[in-house]
Amino acid sequence: MAFGSVPTPLGDMTVAVTEDGVAAVGWNARPEGLRARVLAGHGLVEVDEPGRTAVALGELAEYYAGRLRTFGVPVDWRLTSPTQRRVLGTLYETVKYGQAVTYGELAARSGTGVPARAIGSIMGANPLPVIVPCHRVVAGNGLGGFSGGEGVESKRWLLTMEGYLQPTLDWD
């Protein structure tokens with residue numbers, strides 16, 4: 001597993017990339033937190049291969065600059081359970097830039113039989129935020145929660161950047 005970080009308007013993002021693709025993304029002031037979480041119990045070892053992380057970091061930088069709408073970097077789903085993989089895969093494949101889906105709609109689309117409340121838990125445990133866009137999953141009566149970055153304010157920022165939400169007067 002190779003690790004690298006890129007500065008974003010929402011704080012530094014760290015990626016963890018295997019030989020198969022991006023396995024984890026996290027907002028971390030301290031990238032060692034993501035390292036410890038990803039390496040623990042998965043039988044993975046850290047390698048120093050900046051070239052392995054370059055594409056993912058470049059795409060994240062382009063996304064935050066407003067120049068990338070679809071990630072092309074390969075995704076390695078090994079840190080997800082089969083149910084998480086199905087739900088997150090459905091999200092990844094069907095909810096595009098500037099769109100949103102409710103927890104209940106994603107539950108139905110995924111065909112897993114997982115109730116909407118459990119979809120929220122799967123989004124909270126998403127090891128690949130932004131690339132697998134859990135910020136695009138909203139409550140039927142508002143934004144819902146968000147465990148990445150600064151919480152729901154990060155979700156609001158991402159949805160505003162993508163044009164799903166209208167900017168407020170203090171948007172910069």
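The structure under discussion appears in the preceding block.
In this text the structure is predicted, and so the values were computed from the model without any measurement.

1. Focus: the layout of surface pockets
- Of the pockets and cavities examined, the largest pocket occupies roughly 320 Å³.
- Val25, Arg37, Ala125, Asn126 and Pro127 are the residues nearest the centre of the largest pocket, which is lined by 23 residues in total.
- Mapped by element, the contributors of at least two residues to the lining of the largest pocket are strand E3 (22-27), helix H1 (32-39) and helix H5 (116-124).
- In the lining of the largest pocket, the residues fall into 12 nonpolar, 10 polar and one charged.

2. Some points on the pattern of salt bridges
- In the structure shown here, the tally under the stated rule is eight salt bridges.
- One salt bridge in this structure joins Arg35 and Glu46, with 2.9 Å as the shortest N-O distance. Remark: Glu46 occurs in the loop between H1 and helix H2 (50-64) and Arg35 occurs in helix H1; sequence separation between them is 11 residues.
- Judged by relative accessible area, Arg35 falls into the partly exposed class, the value being 25%.
- Three or more residues are tied together by salt bridges with common partners; here these are Glu19, Asp20, Asp76 and Arg78.

3. A closer look at the pairing of E3
- The element E3 is extensively covered by neighbouring structure, given that six of its six residues are classed as buried.
- The pairing of strand E2 (residues 13-17) with E3 spans five bridges and is classified as antiparallel. The residue of E3 that forms the bridge with Met13 is Trp27.
- Here E2 hands over to E3 after four residues, with Gly21 in that stretch at a positive phi of 155 degrees.

So, how was this worked out
- Residues numbered from 1 in each chain as written.
- Predicted model: local features only at pLDDT ≥ 70, side-chain atom pairs only at ≥ 80, totals over all residues.
- Heavy atoms only, no water.
- 1 Å grid on protein atoms, 1.4 Å probe; cavity = no way out; pocket = protein on both sides within 12 Å on 5 of 7 lines; lining within 4 Å.
- Points joined across faces, edges and corners; volume = space filled by probe spheres on them.
- Helix = DSSP H or I, 4+ residues; strand = E, 2+ residues; numbered from the N terminus.
- Nonpolar A, V, L, I, M, F, W, Y, C, P; charged D, E, K, R; others polar.
- Salt bridge = Lys/Arg side-chain N within 4 Å of Asp/Glu carboxyl O.
- Buried < 20%, exposed > 50% of the residue type's maximum accessible area, 1.4 Å probe, protein only.
- Pairing = 2+ DSSP bridges.

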